[in-house]
Amino acid sequence: MKRSLVLAALLCGTAFAAIAQNANSPMTFVVPYPPGGPLDTSAHLLAQGAQQALGSITVANKPGAGGATGAALIAKAKPDDNLVVMGAVATHAVLPYLGTPPAYDAQKDFKPLILVARVPNVLVMTKARATELQLQKTSDVVAYLKANPNGLKMGSGGNGSIGHIAGEMLKSLANLQLPNKPYAGAAAAQKALLSGEVDMVFDNLASALPLINNGELVALSVTTPDRNVALPNVLSVNEEVPGFDVATWFGIFAPASLPDKDAKKYAQAFQVALTDPKFKDQYLKMGISPEDMRLQELAHFVKQESRKFQFLINTIKIKAN
């Protein structure tokens, strides 16, 4: 009996080694979104900073299905691959609960490595519209919509996007009537805001910050419970509508088959890159403050976020486009 157990253990170890991804081959860092966004920019900075420790790293954009297409490549990686992905709140905590589940298990098919950032969305209006209606913060918006139901139009990057979820959470907590107009991505929603098609958007901070700084947009609030270092004088929604908490986060994930020793090596290398002083200004421009959450701690965080967004999506009854 004992010999059988030992043999079984050896066979299981051999099988695991056979399916584990090859950490000695050149690494491909998959970004499941188009080039140019904050996740893509961060991936290039992290790849550059980690190459000394990990060797050649190529960043590859694999957009589609709200991020699910690129994430699935890592979840289903072949034994000879050496892949990681810039996973996000959408791929790992939102998409599993929007209609048809993605072609992966967000909890079982990945090995979390490091959290790169937790950044808020920011409720923005054009300066002209905010001035016209005398709206400077979330409580002003709430008061206006109480007096003028459906008097404002909200744009979002699509049904089920973080911007949409943030808007629906505000409507639910403050009991507001505020129609959502979905667009094909956050960039399209921002363009619609600037052209006057919609009145307000919960925009990604990294995308909105340059327009806030040059005066085109006015920031009314941020969606994390606390204020953000990039906009220290802008209230959080939570300060005026208690219980509000919707953050965009993203981090690096490997296939679940990556051996623990390699996961620790990868996590350490990317953490060093994340805190490299030469990249500090570029991160700050995107409203990113370096995090230090790795491996099991990140896995626990992802589970908590998954439960939170499952509850939100089911309660508010959000469906994908």
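Preceding block: the structure.
Worth saying up front: this structure is predicted, and the values here are computed from it rather than measured.

A.B. asks: Honestly, the overall build of the protein in this entry has me stumped. Any pointers?
C.D. replies: The helix and strand tally for the protein stands at 13 helices and nine strands. Relative to the 2.2 N^0.38 estimate, which gives 20 Å for 321 residues, the radius of gyration of the protein is 21 Å and therefore close to what a compact globule would have. For the C-alpha atoms alone, the extent of the protein along its principal axes is close to 75 × 45 × 30 Å. Considering the protein as a whole, with its 321 residues, one finds that 50% of them fall into the buried category. Residue pairs at least 24 apart in sequence account for 77% of intrachain contacts in the protein once pairs closer than 6 positions are excluded. With an accessible surface of roughly 14800 Å², the protein has 55% of that area assigned to carbon and sulfur atoms.

A.B. asks: Honestly, the nonpolar core in this entry has me stumped. Any pointers?
C.D. replies: For soluble globular proteins, nonpolar side chains are generally found buried alongside one another. Of all hydrophobic cores here, the largest spans 52 residues; its most connected members are Tyr104 and Phe309. Setting aside chain neighbours within four positions, we find Tyr104 in contact with Ala68, Ala71, Ala72, Ala75, Lys76, Thr91, Leu95, Asp109 and Phe110. Core analysis: the next-biggest nonpolar cluster, separate from the first, contains 36 residues, Leu39, Val116, Ala206 and Leu258 among them.

Basis of the calculations
Residues numbered from 1 in each chain as written. Predicted model: local features only at pLDDT ≥ 70, side-chain atom pairs only at ≥ 80, totals over all residues. Heavy atoms only, no water. Helix = DSSP H or I, 4+ residues; strand = E, 2+ residues; numbered from the N terminus. Rg over C-alpha atoms; globule rule 2.2 N^0.38 Å. Buried < 20%, exposed > 50% of the residue type's maximum accessible area, 1.4 Å probe, protein only. Contact = heavy atoms within 4.5 Å. Areas by Shrake-Rupley, 256 points an atom, 1.4 Å probe, with all protein chains shown as cover. Core = buried A, V, L, I, M, F, W, Y, C linked by side-chain atoms within 4.5 Å.

Such coordinate-based values are descriptive only and should not be taken to indicate function.
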